[in-house]
Structures are given as structure tokens and as C-alpha cells.
Amino acid sequence: MKKILTTPISDEDLKDIKIGDVIYLNGHIVTCRDIAHRRLIELGRELPVDIKGGAIFHAGPIVRRKEGEDNKFEMVSIGPTTSMRMEKFEKEFIEQTGVKLIVGKGGMGPNTEAGCKEHKALHCVFPAGCAVIAATCVEEIEEYHWEDLGMPETLWVCRVKEFGPLIVSIDAEGNNIFEQNKVEFNKRKDAALEDLYTKVHYIK
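These numbers come from a predicted model, not from an experiment. (Residues numbered from 1 in each chain as written. Predicted model: local features only at pLDDT ≥ 70, side-chain atom pairs only at ≥ 80, totals over all residues. Heavy atoms only, no water.)

1. Description of unusual backbone geometry
In this structure, Pro8 follows Thr7 across a cis peptide bond, with omega equal to 0°. Relative to the helices and strands, Pro8 resides in the loop between strand S1 (3-6) and helix H1 (11-14). The omega torsion across Gly164 and Pro165 is 10°, close enough to zero to call that bond cis. With respect to the secondary-structure elements, Pro165 resides in strand S9 (residues 155-170). Residues other than glycine seldom take positive phi values, yet Trp146 does so here, at roughly 55°. Of note, Trp146 is situated in the loop between strand S8 (138-145) and S9. Despite not being glycine, Glu162 shows a phi value in the positive range, around 50°. (Helix = DSSP H or I, 4+ residues; strand = E, 2+ residues; numbered from the N terminus.)

See below:
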């Protein structure tokens, strides 16, 4: 059975979700990346959309105007942006907005871990290379804000159905699957190298 979160998301919704789990999202997700984070954290500009209990996607989508409909757009492609670019802002971003689900590409670090643990939120990874598939999960772009930033940085408010798969990389306890895997992989690497050195000692 699919694990599905529906916005608005509560602390209770997250308590049984752990790193490595695969989840899907129903409800709304807002594209929100570098400049939006900077405007909120560095410039103190309030976001023009309420994302308390909501979800954001570190993504720069491609959208197109709907034929015959003024100011209506549809999603063409929505691939994840590298989440680590937002690392220095994310703890404060979580604190200030009350966002519960952050989606992007790759892992995040200790700042985000702390934010997720303290305020009960998740970071999830959307598989790279699946931008067109992701767009099929967007039922409608309901509104958009800060379009002065250009298409990739605009806040696109998307209604989604079974948006995913989303792999939980940081859970609401601050556990980080990327950091845990690094420790495990380094153990295996060291053992493998020691074995290799006995066979081809001149490499060392």
C-alpha cells in the first residue's frame, strides 16, 4: 500500500515516517528555490503564499501558457534542483514558514537536520531525470507569485495527485540517510582498500 501524505500535513502525520521510506503527496506543492529563500531569510520579505503545513519543491519548472486562457499555465517539466544550495537557509525557512515537506535532488546537511527535528518536517528526494513524469502528477497550476523572477524562480502553486515517488532522506527526528550511508560506505571502502593493498601494494 502506498504511503500518501495530504496537505496540510501535521506533526502526527510524520511520526511513523522514517528515512528510506517512499511516500507520495496529495494536495499542494509550491516550487521554491534559491531566490525565494533569499528574499525570505536575507531580505525579510514574507512569502506571498501560505505554506504552513505545506510542501515546497526545490525545482525550476518549464511551464507553458494554456491556449485561449489568460494567465493560466500548465506544467511541461518539473525536475528537482540540488537541495544543498538551500542548506544555509533551510532551518530558518522551516521555522518561519511552518513547511512540513521539502522535496529536491540529493541530500541536505546539519542545518536542515536541525530544522526538521526541531519543527517536525521531512526532506525527500525526487528521482533525478524524471521531470516529465513529475509533471504528469500536477493536476493544475492554481496560482503563481513573484513572476518577476522568471520562470525557474517563480513560486508555482501546484495541485498534485500521488506526486512521487519521494524518498525520505531526513525524517522528523533529524536522521539523515545520506550521512548514515556515508559512514557505512566508508567502512566498506576502507576494508576493500586494505584487501586491495595486499594484492597490489605499490598503489598505496
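Back to the text.
2. Considerations on the side chain of His145
With respect to the element layout, His145 can be found in strand S8. A distance of 2.6 Å separates polar atoms of two side chains, one belonging to His145 and the other to Glu143. The residues contacting His145, other than those within four sequence positions of it, are Pro48, Val49, Thr154, Leu155 and Val157. (Polar contact = N/O pair within 3.5 Å; in protein donor to acceptor, adjacent residues only side chain to side chain. Contact = heavy atoms within 4.5 Å.)

3. Structural notes on the pattern of salt bridges
In this structure the tally under the stated criterion is 17 salt bridges. With a shortest N-O distance of 3.2 Å, Arg38 and Glu42 are connected by a salt bridge. Among the residues examined, Arg38 registers a relative accessible area of 35% and is labelled partly exposed. The class for Glu42 is partly exposed, based on a relative accessible area of 47%. Bridged by salt links that share partners, the residues Lys72, Glu139, Glu140, Glu142 and Arg159 form one connected network. (Salt bridge = Lys/Arg side-chain N within 4 Å of Asp/Glu carboxyl O. Buried < 20%, exposed > 50% of the residue type's maximum accessible area, 1.4 Å probe, protein only.)

4. Focus on the environment of Tyr144
Turning to its location among the elements, Tyr144 is positioned in strand S8. C-alpha separation for the pair Tyr144 and Pro48, spaced 96 residues apart in sequence, amounts to 9.2 Å. Once residues lying within four places of it in the same chain are set aside, the contact partners of Tyr144 are Asn71, Phe73, Thr154, Leu155 and Trp156. For Tyr144, the side chain forms a polar contact with the side chain of Asn71, separated by 3.4 Å.

5. Let's talk about the state of the cysteines
This structure, assessed with the given rule, holds 0 disulfides. Left without a disulfide partner, Cys32 is nearest to the cysteine sulfur of Cys158, which lies 12 Å away. In this model Cys158 remains outside any disulfide bridge; the closest cysteine sulfur is found in Cys137, 11 Å from its own. (Disulfide = S-S within 2.5 Å.)

6. Overview of the nonpolar core
If you look at the biggest cluster of nonpolar residues, it comprises 32 residues, and the most contacted ones within it are Ile23, Leu25, Ile29, Leu101, Leu122, Phe163 and Leu166. Among the elements that line this core, the one with the most residues is S9, at 6 residues. Of all hydrophobic cores here, the second largest spans 23 residues; its members include Val30, Cys32, Leu47 and Leu149. (Core = buried A, V, L, I, M, F, W, Y, C linked by side-chain atoms within 4.5 Å.)

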